[in-house]
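Architecture at a glance
One-letter residues, chain by chain:
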Amino acid sequence: MKNLFVLKMKQAGFVVLMGMSFISCEKNPITLVLHSPIYPSESQAVTYTAERVTDGSITTAKLYETVNTINSSNTITTAGTETLLQTWNNPSGDLSFTKSSGHGDNKLVTYRWVFTTPDQTKSFNVTYATNPYPVTNMPAPVYAQGDPDDVFDLVFIPDTDITNINTFYTHCSGVIRQSFFDESHTQFWRRQHNFYINAQTGHATDYDRRAIDGPHQLPSNNSFLSFAEGKALMHQNDLRDWASGGVFSTEMQNRGTVMHEAGHSLYGLKDEYGNGTHAQQAEFPNNWSTLAGAQAAASDYGSCKEASDAVEMGSSGWYHLCVSNC
Ligand SMILES: [Zn+2]
(Lines give C-alpha, C1' and ligand atoms only; values in the text may rest on other atoms or scores of the structure.)
Protein backbone atom coordinates (compact mmCIF):
# COMPACT_ATOMS: atom_id res chain seq x y z
CA MET A 1 0.00 0.00 0.00
CA LYS A 2 1.24 3.42 -0.88
CA ASN A 3 1.76 5.47 2.22
CA LEU A 4 -0.33 8.60 2.35
CA PHE A 5 2.54 10.48 3.93
CA VAL A 6 4.79 10.49 0.88
CA LEU A 7 1.98 10.40 -1.65
CA LYS A 8 0.52 13.61 -0.29
CA MET A 9 3.92 15.21 -0.09
CA LYS A 10 4.37 14.46 -3.77
CA GLN A 11 0.90 15.72 -4.64
CA ALA A 12 1.63 18.94 -2.81
CA GLY A 13 4.67 19.44 -4.99
CA PHE A 14 7.00 18.96 -2.10
CA VAL A 15 10.37 17.90 -3.32
CA VAL A 16 10.86 14.47 -1.91
CA LEU A 17 14.59 14.24 -1.78
CA MET A 18 14.28 11.09 0.19
CA GLY A 19 14.65 7.80 -1.56
CA MET A 20 16.08 9.30 -4.73
CA SER A 21 19.49 9.26 -3.37
CA PHE A 22 22.71 8.03 -4.41
CA ILE A 23 24.62 6.05 -1.85
CA SER A 24 22.21 4.10 0.30
CA CYS A 25 24.52 2.14 2.50
CA GLU A 26 27.74 2.99 4.19
CA LYS A 27 30.25 1.03 6.20
CA ASN A 28 32.01 2.68 9.10
CA PRO A 29 30.17 5.97 8.81
CA ILE A 30 31.90 9.09 10.11
CA THR A 31 28.72 10.44 11.67
CA LEU A 32 25.24 9.38 12.75
CA VAL A 33 22.62 12.11 12.55
CA LEU A 34 19.75 12.32 15.00
CA HIS A 35 17.44 14.92 16.53
CA SER A 36 16.17 15.28 20.08
CA PRO A 37 13.49 15.04 21.29
CA ILE A 38 12.53 12.54 18.62
CA TYR A 39 8.88 13.67 18.57
CA PRO A 40 8.88 17.27 19.86
CA SER A 41 5.79 19.22 20.80
CA GLU A 42 5.07 22.42 18.91
CA SER A 43 6.90 24.51 21.53
CA GLN A 44 9.87 22.29 22.35
CA ALA A 45 13.41 23.17 21.33
CA VAL A 46 14.99 20.63 18.98
CA THR A 47 18.68 19.75 18.93
CA TYR A 48 20.20 18.31 15.78
CA THR A 49 23.35 16.27 16.24
CA ALA A 50 25.89 14.67 14.00
CA GLU A 51 27.61 12.24 16.31
CA ARG A 52 31.11 11.17 15.29
CA VAL A 53 31.34 7.41 15.34
CA THR A 54 34.56 6.84 13.42
CA ASP A 55 37.62 8.91 12.61
CA GLY A 56 37.55 10.72 9.34
CA SER A 57 38.04 14.30 8.38
CA ILE A 58 35.15 16.55 7.47
CA THR A 59 36.06 19.60 5.43
CA THR A 60 32.68 21.28 5.62
CA ALA A 61 29.36 20.43 7.29
CA LYS A 62 26.15 22.26 6.57
CA LEU A 63 22.78 21.85 8.23
CA TYR A 64 19.57 22.91 6.47
CA GLU A 65 15.94 22.79 7.55
CA THR A 66 12.58 22.98 5.78
CA VAL A 67 9.35 23.38 7.77
CA ASN A 68 6.05 22.52 6.10
CA THR A 69 2.58 22.87 7.56
CA ILE A 70 0.20 19.97 7.00
CA ASN A 71 -3.48 19.33 7.70
CA SER A 72 -5.50 16.32 8.82
CA SER A 73 -5.47 14.80 5.32
CA ASN A 74 -1.69 15.28 5.05
CA THR A 75 -1.90 18.01 2.45
CA ILE A 76 0.82 20.60 2.75
CA THR A 77 -1.04 23.85 3.36
CA THR A 78 2.07 26.00 3.69
CA ALA A 79 5.31 24.91 2.05
CA GLY A 80 8.48 26.11 3.72
CA THR A 81 11.71 27.00 2.01
CA GLU A 82 14.97 25.34 2.87
CA THR A 83 17.03 27.46 5.26
CA LEU A 84 20.70 27.08 6.13
CA LEU A 85 20.96 26.79 9.91
CA GLN A 86 24.73 26.53 10.32
CA THR A 87 28.00 25.84 8.52
CA TRP A 88 31.02 24.23 10.15
CA ASN A 89 34.50 24.40 8.61
CA ASN A 90 36.99 21.65 9.48
CA PRO A 91 34.97 20.66 12.55
CA SER A 92 36.20 18.18 15.13
CA GLY A 93 34.09 16.13 17.53
CA ASP A 94 30.30 15.93 17.54
CA LEU A 95 28.35 18.67 15.82
CA SER A 96 25.14 20.04 17.23
CA PHE A 97 22.70 22.85 16.63
CA THR A 98 19.70 23.73 18.78
CA LYS A 99 16.63 25.38 17.39
CA SER A 100 15.41 26.95 20.61
CA SER A 101 12.00 28.08 19.45
CA GLY A 102 9.54 25.32 18.75
CA HIS A 103 8.35 24.66 15.21
CA GLY A 104 4.63 25.17 15.89
CA ASP A 105 1.54 23.04 15.34
CA ASN A 106 0.99 20.62 12.48
CA LYS A 107 4.53 20.75 11.19
CA LEU A 108 6.48 18.32 9.09
CA VAL A 109 10.15 19.22 9.41
CA THR A 110 12.90 18.02 7.09
CA TYR A 111 16.51 18.56 7.97
CA ARG A 112 19.45 17.91 5.71
CA TRP A 113 23.05 17.49 6.67
CA VAL A 114 25.63 17.87 3.93
CA PHE A 115 29.10 16.61 4.73
CA THR A 116 32.04 17.29 2.46
CA THR A 117 35.04 15.09 3.10
CA PRO A 118 38.28 14.92 1.13
CA ASP A 119 36.69 12.05 -0.88
CA GLN A 120 33.09 13.05 -1.49
CA THR A 121 30.01 15.02 -0.51
CA LYS A 122 27.14 13.22 1.20
CA SER A 123 23.67 14.41 2.04
CA PHE A 124 21.43 12.98 4.77
CA ASN A 125 17.73 13.88 4.83
CA VAL A 126 15.48 13.19 7.79
CA THR A 127 11.82 14.13 8.19
CA TYR A 128 9.90 14.23 11.47
CA ALA A 129 6.52 15.52 12.60
CA THR A 130 5.70 17.69 15.59
CA ASN A 131 3.49 16.22 18.29
CA PRO A 132 0.51 15.88 18.02
CA TYR A 133 0.48 14.64 14.42
CA PRO A 134 -2.68 15.88 12.72
CA VAL A 135 -3.10 13.20 10.04
CA THR A 136 -6.11 11.05 10.81
CA ASN A 137 -5.35 7.42 11.68
CA MET A 138 -1.73 7.59 10.55
CA PRO A 139 1.35 7.18 12.73
CA ALA A 140 3.66 10.20 12.95
CA PRO A 141 6.93 9.95 11.04
CA VAL A 142 9.65 10.62 13.61
CA TYR A 143 12.70 9.61 11.55
CA ALA A 144 11.76 9.14 7.90
CA GLN A 145 14.41 8.86 5.21
CA GLY A 146 12.89 7.23 2.16
CA ASP A 147 9.79 6.39 0.21
CA PRO A 148 7.90 3.81 2.32
CA ASP A 149 7.72 1.57 -0.76
CA ASP A 150 11.52 1.46 -0.93
CA VAL A 151 12.60 1.12 2.68
CA PHE A 152 11.69 -0.72 5.88
CA ASP A 153 8.99 0.99 7.93
CA LEU A 154 8.80 0.38 11.68
CA VAL A 155 5.92 1.76 13.78
CA PHE A 156 6.31 2.11 17.54
CA ILE A 157 2.98 1.52 19.32
CA PRO A 158 2.68 2.51 23.00
CA ASP A 159 1.13 -0.07 25.33
CA THR A 160 -1.62 0.97 27.73
CA ASP A 161 0.72 -0.08 30.57
CA ILE A 162 3.08 2.86 29.92
CA THR A 163 2.83 5.38 32.75
CA ASN A 164 4.92 8.18 31.24
CA ILE A 165 4.60 8.81 27.53
CA ASN A 166 7.80 10.88 27.47
CA THR A 167 9.72 7.85 28.72
CA PHE A 168 8.23 5.93 25.80
CA TYR A 169 9.37 8.61 23.34
CA THR A 170 12.87 8.47 24.82
CA HIS A 171 12.93 4.70 24.33
CA CYS A 172 11.75 5.08 20.72
CA SER A 173 14.79 7.28 20.15
CA GLY A 174 16.91 4.73 21.99
CA VAL A 175 15.72 1.95 19.68
CA ILE A 176 16.78 3.98 16.65
CA ARG A 177 20.19 4.97 17.97
CA GLN A 178 21.12 2.05 20.22
CA SER A 179 19.58 -0.82 18.22
CA PHE A 180 19.25 -0.03 14.52
CA PHE A 181 22.08 2.49 14.24
CA ASP A 182 24.37 0.44 16.45
CA GLU A 183 24.15 -3.17 15.22
CA SER A 184 26.67 -3.31 12.40
CA HIS A 185 24.39 -4.67 9.64
CA THR A 186 21.49 -2.33 10.29
CA GLN A 187 23.90 0.56 10.78
CA PHE A 188 25.21 -0.20 7.30
CA TRP A 189 21.63 -0.09 5.96
CA ARG A 190 20.40 2.63 8.33
CA ARG A 191 19.21 4.86 5.50
CA GLN A 192 16.84 2.09 4.45
CA HIS A 193 14.66 2.53 7.56
CA ASN A 194 11.77 4.84 8.47
CA PHE A 195 10.48 5.06 12.03
CA TYR A 196 7.04 6.20 13.18
CA ILE A 197 5.20 6.72 16.48
CA ASN A 198 1.57 5.72 16.75
CA ALA A 199 -0.84 7.77 18.86
CA GLN A 200 -3.29 4.91 19.38
CA THR A 201 -2.31 2.41 22.08
CA GLY A 202 -2.32 -1.37 22.11
CA HIS A 203 -1.84 -3.91 24.85
CA ALA A 204 0.61 -6.82 24.83
CA THR A 205 -0.13 -10.20 26.37
CA ASP A 206 2.43 -12.68 27.69
CA TYR A 207 3.30 -15.61 25.39
CA ASP A 208 2.87 -18.04 28.30
CA ARG A 209 -0.57 -16.64 29.18
CA ARG A 210 -2.08 -16.69 25.68
CA ALA A 211 -4.74 -19.23 26.72
CA ILE A 212 -5.93 -16.87 29.46
CA ASP A 213 -5.22 -13.38 28.14
CA GLY A 214 -5.60 -13.99 24.42
CA PRO A 215 -3.63 -12.35 21.61
CA HIS A 216 -2.17 -8.85 21.65
CA GLN A 217 -4.79 -6.10 21.66
CA LEU A 218 -4.12 -4.12 18.51
CA PRO A 219 -4.43 -0.33 18.20
CA SER A 220 -7.71 0.96 16.78
CA ASN A 221 -5.94 2.23 13.66
CA ASN A 222 -4.20 -1.11 13.00
CA SER A 223 -5.75 -1.42 9.53
CA PHE A 224 -3.92 1.78 8.54
CA LEU A 225 -0.54 0.33 9.49
CA SER A 226 -0.35 -2.32 6.78
CA PHE A 227 2.26 -0.26 4.89
CA ALA A 228 4.74 -0.99 7.69
CA GLU A 229 6.85 -4.14 7.67
CA GLY A 230 7.37 -3.84 11.43
CA LYS A 231 4.92 -2.90 14.17
CA ALA A 232 6.45 -2.87 17.64
CA LEU A 233 4.08 -2.91 20.61
CA MET A 234 6.28 -1.28 23.24
CA HIS A 235 5.33 -2.10 26.82
CA GLN A 236 6.72 -1.32 30.23
CA ASN A 237 6.14 -4.53 32.23
CA ASP A 238 8.22 -7.68 31.79
CA LEU A 239 6.56 -10.21 29.50
CA ARG A 240 7.60 -13.13 27.35
CA ASP A 241 7.36 -11.38 24.00
CA TRP A 242 5.90 -12.72 20.79
CA ALA A 243 4.27 -11.67 17.53
CA SER A 244 0.52 -11.75 16.94
CA GLY A 245 -1.73 -10.06 14.38
CA GLY A 246 1.31 -8.65 12.55
CA VAL A 247 2.48 -6.88 15.72
CA PHE A 248 5.42 -7.94 17.85
CA SER A 249 5.73 -7.03 21.51
CA THR A 250 8.85 -5.85 23.27
CA GLU A 251 9.81 -4.18 26.51
CA MET A 252 10.35 -0.59 25.43
CA GLN A 253 13.70 -0.51 27.24
CA ASN A 254 14.94 -3.80 25.77
CA ARG A 255 17.06 -3.01 22.71
CA GLY A 256 17.89 -6.68 22.11
CA THR A 257 14.27 -7.87 21.89
CA VAL A 258 13.48 -5.16 19.35
CA MET A 259 16.36 -6.30 17.15
CA HIS A 260 15.40 -9.96 17.56
CA GLU A 261 11.75 -9.40 16.64
CA ALA A 262 12.70 -7.02 13.82
CA GLY A 263 14.88 -9.85 12.52
CA HIS A 264 11.68 -11.86 12.07
CA SER A 265 9.31 -9.14 10.88
CA LEU A 266 11.59 -6.95 8.74
CA TYR A 267 14.22 -9.33 7.48
CA GLY A 268 12.44 -12.71 7.41
CA LEU A 269 14.94 -14.44 9.67
CA LYS A 270 13.96 -17.48 11.73
CA ASP A 271 15.09 -18.27 15.25
CA GLU A 272 18.57 -19.72 15.69
CA TYR A 273 18.09 -21.16 19.15
CA GLY A 274 16.98 -24.70 19.94
CA ASN A 275 13.37 -24.21 21.06
CA GLY A 276 12.50 -21.31 18.76
CA THR A 277 10.30 -21.15 15.68
CA HIS A 278 11.99 -22.79 12.72
CA ALA A 279 11.33 -22.83 9.00
CA GLN A 280 13.40 -22.79 5.84
CA GLN A 281 12.69 -19.70 3.76
CA ALA A 282 12.61 -20.18 -0.01
CA GLU A 283 15.19 -17.43 -0.46
CA PHE A 284 18.14 -16.63 1.79
CA PRO A 285 17.20 -19.03 4.59
CA ASN A 286 18.96 -18.95 7.93
CA ASN A 287 17.36 -22.25 9.00
CA TRP A 288 17.71 -25.48 7.05
CA SER A 289 15.61 -28.62 7.36
CA THR A 290 18.58 -30.90 6.67
CA LEU A 291 22.22 -30.95 7.69
CA ALA A 292 23.21 -31.46 4.06
CA GLY A 293 21.22 -28.36 3.04
CA ALA A 294 22.98 -26.21 5.60
CA GLN A 295 26.38 -27.59 4.60
CA ALA A 296 25.69 -26.93 0.93
CA ALA A 297 24.67 -23.32 1.65
CA ALA A 298 27.96 -22.51 3.39
CA SER A 299 29.65 -21.66 0.11
CA ASP A 300 27.10 -18.83 -0.43
CA TYR A 301 28.84 -16.89 2.33
CA GLY A 302 32.29 -16.72 0.74
CA SER A 303 35.02 -17.16 3.28
CA CYS A 304 32.70 -16.32 6.19
CA LYS A 305 31.22 -19.80 6.64
CA GLU A 306 32.36 -23.37 6.11
CA ALA A 307 30.39 -26.59 5.73
CA SER A 308 31.64 -27.59 9.18
CA ASP A 309 29.75 -24.61 10.63
CA ALA A 310 26.46 -26.43 9.91
CA VAL A 311 25.02 -27.66 13.21
CA GLU A 312 21.68 -28.66 14.65
CA MET A 313 19.91 -26.08 16.83
CA GLY A 314 19.45 -27.95 20.08
CA SER A 315 17.49 -31.12 19.32
CA SER A 316 15.03 -29.32 17.04
CA GLY A 317 15.79 -31.28 13.87
CA TRP A 318 16.65 -27.93 12.23
CA TYR A 319 20.10 -26.71 11.24
CA HIS A 320 21.88 -23.39 10.97
CA LEU A 321 25.28 -22.15 9.92
CA CYS A 322 27.09 -21.12 12.98
CA VAL A 323 30.62 -20.30 13.95
CA SER A 324 31.83 -21.50 17.33
CA ASN A 325 31.14 -18.23 19.12
CA CYS A 326 27.60 -17.69 17.82
ZN1 LIG B 1 12.45 -15.32 17.73
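Predicted, not measured: the structure shown is a model, and the values here were computed from it. (Residues numbered from 1 in each chain as written. Predicted model: local features only at pLDDT ≥ 70, side-chain atom pairs only at ≥ 80, totals over all residues. Heavy atoms only, no water.)

**Observations regarding the domain arrangement of the protein**
Heads up, the rule is: For the domains described, the bounds stem from an automatic or database domain assignment.
Partitioning the protein into structural domains gives domain 1 (1-146), domain 2 (151-269) and domain 3 (279-326). Inter-centroid distance (C-alpha atoms) of domain 2 to domain 3 is 28 Å.

**Let's talk about the nonpolar core**
It is characteristic of soluble globular proteins that their nonpolar side chains tend to be buried jointly. Heads up, the rule is: Residues enter a nonpolar core if they are buried and are Ala, Val, Leu, Ile, Met, Phe, Trp, Tyr or Cys, with the set joined through side-chain atoms within 4.5 Å. Each residue is assigned to one of three classes by its accessible area relative to the maximum for its type, calculated with a 1.4 Å probe on protein chains only: buried under 20%, partly exposed between the two thresholds, exposed over 50%. Strands here mean DSSP runs of E at least two residues long; helices mean DSSP runs of H or I at least four residues long; both are numbered from the N terminus. Should any heavy atoms of two residues lie within 4.5 Å, those residues are considered in contact.
Within the largest apolar cluster, 61 residues are counted, with the highest numbers of intra-cluster contacts made by W113, Y143, F156 and F180. Tallying contributions element by element places helix α2 (residues 165-180) first for this core, with six residues. If you count residues domain by domain, this core takes at least three from each of domain 1 (1-146) and domain 2 (151-269). Those residues in contact with F180, other than ones at most four positions away along the chain, are L154, V175, T186, Q187, H193, F195, V258, M259, A262, L266 and Y267. W288, A297, A298 and L321 belong to the second-largest nonpolar core, a separate cluster that totals seven residues.

**Comments concerning the coordination of the zinc ion**
Operational definition: Note that water is not among the atoms used; donors are N, O and S atoms within 2.8 Å of the metal (3.2 Å for Na, K and Ca), so sites may look incomplete.
Within the protein, the atoms that donate to the zinc ion are H260 (NE2), H264 (NE2) and D271 (OD), at distances of 1.9 to 2.1 Å. Mapped onto the sequence, the donors of the zinc ion take the spacing H-x3-H-x6-D. In this pair, H260 and H264 are both assigned in helix α5 (residues 255-265), four residues apart and thus about one turn of the helix distant. A residue is classified by how much of its surface remains accessible, and H260, at 33% relative accessible area, is partly exposed. We classify H264 as partly exposed; its relative accessible area is 27%.

**Quick notes on the packing of aromatic side chains**
The condition that has to hold: Pairs were defined over the aromatic rings of Phe, Tyr and Trp, the Trp ring being its six-membered one, requiring ring centres within 6.5 Å. Orientation was assigned from the angle between planes: stacked under 30 degrees, edge-to-face over 60, tilted for the rest.
This structure, assessed with the given rule, holds 17 aromatic pairs. Ring geometry for F152 and Y267: centres 5.0 Å apart, planes at 90 degrees, overall edge-to-face. Taken together, the positions of F152 in strand β10 (residues 152-158) and Y267 in the loop between α5 and α6 (291-297) put the pair 115 residues apart, joining distant regions of the chain. Residue class for F152 comes out partly exposed when judged on its relative accessible area of 26%. Classification of Y267 by relative accessible area gives partly exposed; the value is 28%. Ring centres of F180 and F195 lie 5.3 Å apart, and the angle between their planes is 70 degrees; this geometry places the pair in the edge-to-face category. Separated by 15 residues along the polypeptide, F180 in helix α2 and F195 in strand β11 (residues 193-197) bring together distant segments of the chain. Each member of the pair, F180 as well as F195, is classed as buried. An aromatic cluster is defined as three or more aromatic residues linked by ring pairs; in this entry it consists of Y143, F156, F180, F181 and F195.

**A look at the pattern of salt bridges**
Our working rule: Put simply, a salt bridge is a Lys or Arg side-chain nitrogen that is within 4 Å of an Asp or Glu carboxyl oxygen.
This structure, assessed with the given rule, holds six salt bridges. The residue R177 makes a salt bridge to E51 at a minimum N-O spacing of 2.8 Å. Of this pair, R177 sits in helix α2 while E51 sits in strand β2 (residues 46-52), and the two are 126 residues apart along the sequence. The salt bridge partner of R177 is D182, with a shortest N-O separation of 3.7 Å. On the accessibility criterion, R177 (16% relative accessible area) is buried. Residue classification places D182 among the partly exposed residues on the basis of a relative accessible area of 47%.

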